Every structure is written in structure tokens, then in C-alpha cells.
Amino acid sequence: MRPGWDEYFMQIARTVSTRATCPRASVGCVLMRDHRILTTGYNGAPRGVAHCSEVGCTLAGDHCLRATHAEANAVVQGALHGVSLQRATAYCTHQPCVNCSKLLISAGVTRIVYEEAYPDPVATELLAEAGVALVQYAALEGARG
């Protein structure tokens, strides 16, 4: 059966997540507009820095400081390659944290579809204030019923 657009791009985000190099989580992000992929990103070390999978994580509390989040990497790819993310939709395997939410807002993303919840009330508040739709993929599946 042919997948709908949300299912199609979520499948791609899951595939992108398989490139993650931080063993704490495999996260993927696809930024698209008009049914076309603009950029992708996964969580891993910045360019030129050893990956967590090679040297271990640098932890502060419960967070790895060595890895850049998937959403941030997707935004950076747009900047590096001159791709506007204005009016894009983000498909994320995990709900974006507050810092990634701020980047997506500033980049012009207007909709975020995520699969796994990572509740952050500040991120949710900022996204709502900016008018960015935040939709859990499982809820979309249930709505199709």
C-alpha cells in the first residue's frame, strides 16, 4: 500500500536516524517543503570531532555534550548549502528539545511531526507562541483509524 506523505517522510526520518553516532539515542530529522526533501540530520559529533561511538559520550547530567542534535544538524545543512527552510515541515523521530525548537522556529519551520515524545513544556510553549504546529505522528495514525 502506498504510504501517505506523513508516513513517507517519517520512514525517511527513521532511516536517517540509523546514521546516529551517539549511542544514547538514534535520532533523525528530515526537513521538507512541497513534498521535497530539503535537508536531513542525525545526532552525532560536529564535523572534525570524534564521535561518541569512537571515544564515548561527554555527559553533563543526563545529556551528551559531544553530540549535536539531529534537528540542529538538519538546520546547519541548510545553512551550509544555501537551502532556505522557510515554510518547511520537520519530521523528527523524537520531539525536539527547547534548543532545537528555537532553531527550527528561527529557520522558518512551520510544522513539526514527531514520533517519540520528549515533553518539554518550554519548547511546547515557544512553538505555540511562534505558530508552529506540533503534531505527534501516533495521533495522526489514530486519526486515520
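See above for the structure.
Scoring rules and cut-offs
- Residues numbered from 1 in each chain as written.
- Predicted model: local features only at pLDDT ≥ 70, side-chain atom pairs only at ≥ 80, totals over all residues.
- Heavy atoms only, no water.
- Helix = DSSP H or I, 4+ residues; strand = E, 2+ residues; numbered from the N terminus.
- Expected span 1.5 Å × (residues − 1).
- Buried < 20%, exposed > 50% of the residue type's maximum accessible area, 1.4 Å probe, protein only.
- Arc of directions from axis to C-beta.
- Pairing = 2+ DSSP bridges.
- Axes fitted to C-alpha atoms, helices over the stretch in contact; angles between N-to-C directions.
- Contact = heavy atoms within 4.5 Å.
- Phe/Tyr/Trp six-rings, centres within 6.5 Å; stacked < 30°, edge-to-face > 60°.
- Core = buried A, V, L, I, M, F, W, Y, C linked by side-chain atoms within 4.5 Å.

## Digging into helix H1 (residues 5-17)
Right, so step 1: With 13 residues, H1 ought to run about 18 Å at 1.5 Å a step, and its terminal C-alpha atoms sit 18 Å apart, in line with that.
Right, so step 2: When H1 is considered as a whole, its buried residues turn out to be Asp-6, Phe-9, Met-10, Ile-12, Ala-13, Val-16 and Ser-17. Mapping the buried residues of H1 onto a view down its axis gives an arc of 155 degrees, with all of them on the same face.

## Remarks on the sheet that holds strand S5 (residues 89-94)
Right, so step 1: Taken in spatial order, the 5 strands make up an open sheet running S2-S1-S5-S6-S7, and their pairing is mixed. Edge positions in the open sheet fall to strand S2 (36-42) and strand S7 (133-136), since each of these has one partner strand only. Strand-to-strand, the axes of this sheet are offset by a mean angle of 20 degrees, without reference to chain direction.
Right, so step 2: As paired elements, strand S1 (residues 28-33) and S2 share 6 bridges and run antiparallel to each other. Residue pairing across strands places Leu-31 opposite Thr-39, the latter belonging to S2.
Right, so step 3: Across the sheet, helix H3 (residues 70-81) is in contact with S1, S2 and S5; its angle to S2 comes to roughly 130 degrees.

## A word on the environment of Leu-59
Right, so step 1: Mapped onto the secondary structure, Leu-59 falls in strand S3 (residues 59-60).
Right, so step 2: Using a relative accessible area of 49% as the deciding quantity, one classes Leu-59 as partly exposed.
Right, so step 3: With 16 residues separating them along the chain, Leu-59 and Val-75 place their C-alpha atoms 24 Å apart.
Right, so step 4: If we ignore the near neighbours within four places in the chain, the residues touching Leu-59 are Arg-24 and Cys-64.

## Quick word on the packing of aromatic side chains
Right, so step 1: A full pass over the atoms with the stated rule returns 4 aromatic pairs.
Right, so step 2: For the ring pair Trp-5 and Tyr-8, a centre distance of 5.8 Å and an interplane angle of 85 degrees mean the geometry is edge-to-face. Here Trp-5 pairs with Tyr-8, and both are found in helix H1, just 3 residues apart, close to one helical turn.
Right, so step 3: Judged by relative accessible area, Tyr-8 falls into the partly exposed class, the value being 36%.

## What to know about the nonpolar core
Right, so step 1: Among the nonpolar cores identified, the biggest contains 17 residues, and Cys-29, Leu-31, Ala-90, Leu-104, Val-109 and Ile-112 are the most heavily contacted of them.
Right, so step 2: If you list the elements that add at least two residues to this core, you get S1, H3, S5, helix H4 (98-107) and strand S6 (111-116).
Right, so step 3: Considering each element in turn, this core owes the most residues, 3 residues, to H3.
Right, so step 4: When near neighbours in sequence (up to four residues on either side) are disregarded, Cys-29 contacts Val-16, Thr-39, Thr-40, Gly-41, Ala-70, Glu-71, Ala-74, Ala-90, Tyr-91 and Cys-92.
Right, so step 5: By size, the runner-up hydrophobic cluster in this structure holds 10 residues, among which are Phe-9, Val-16, Val-30 and Tyr-137.

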